[in-house]
Amino acid sequence: MLDGTDLYGLDIDGASFVKACGGPCTEGCVTLARIGDNAWALGDSKRPDMEPLRFTTEELDSAGIDPAKFGLPV
């Protein structure tokens, strides 16, 4: 199982981020990308200089975030 150290060791260059906004927002500030098996990167398009945070599928699920809702394969 991945832990926080493993997640930040994954290369996210070339990761395909999609808008993952849960509301009627048109700015799409929250972005999400699959970066490996059971691994996700969550970014903020308003802060492109900041490195995306990384989570396991279980952590996203605990937070109520379903990547399939945004067209990403789970």
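Residues numbered from 1 in each chain as written. Predicted model: local features only at pLDDT ≥ 70, side-chain atom pairs only at ≥ 80, totals over all residues. Heavy atoms only, no water.

Colleague: Account for the overall build of the protein, naming residues and giving values.
Modeller: Helices and strands together make up the secondary structure of the protein, namely 2 helices and 4 strands. Along the protein, helices and strands appear, N-terminal first, in the series α-β-β-β-β-α. Contacts in the protein between residues at least 24 apart in sequence constitute 40% of all its contacts with a sequence separation of at least 6. (Helix = DSSP H or I, 4+ residues; strand = E, 2+ residues; numbered from the N terminus. Contact = heavy atoms within 4.5 Å.)

Colleague: Tell me about the pattern of salt bridges, residues and numbers included.
Modeller: Pairs can form between side chains of opposite charge once their charged atoms are near each other. Following the criterion strictly, the structure yields 2 salt bridges and no others. Aspartate 49 serves as the salt-bridge partner of arginine 47, at 3.8 Å between the closest nitrogen and oxygen. A residue is classified by how much of its surface remains accessible, and aspartate 49, at 60% relative accessible area, is exposed. The residue glutamate 51 makes a salt bridge to arginine 54 at a minimum N-O spacing of 3.2 Å. (Salt bridge = Lys/Arg side-chain N within 4 Å of Asp/Glu carboxyl O. Buried < 20%, exposed > 50% of the residue type's maximum accessible area, 1.4 Å probe, protein only.)

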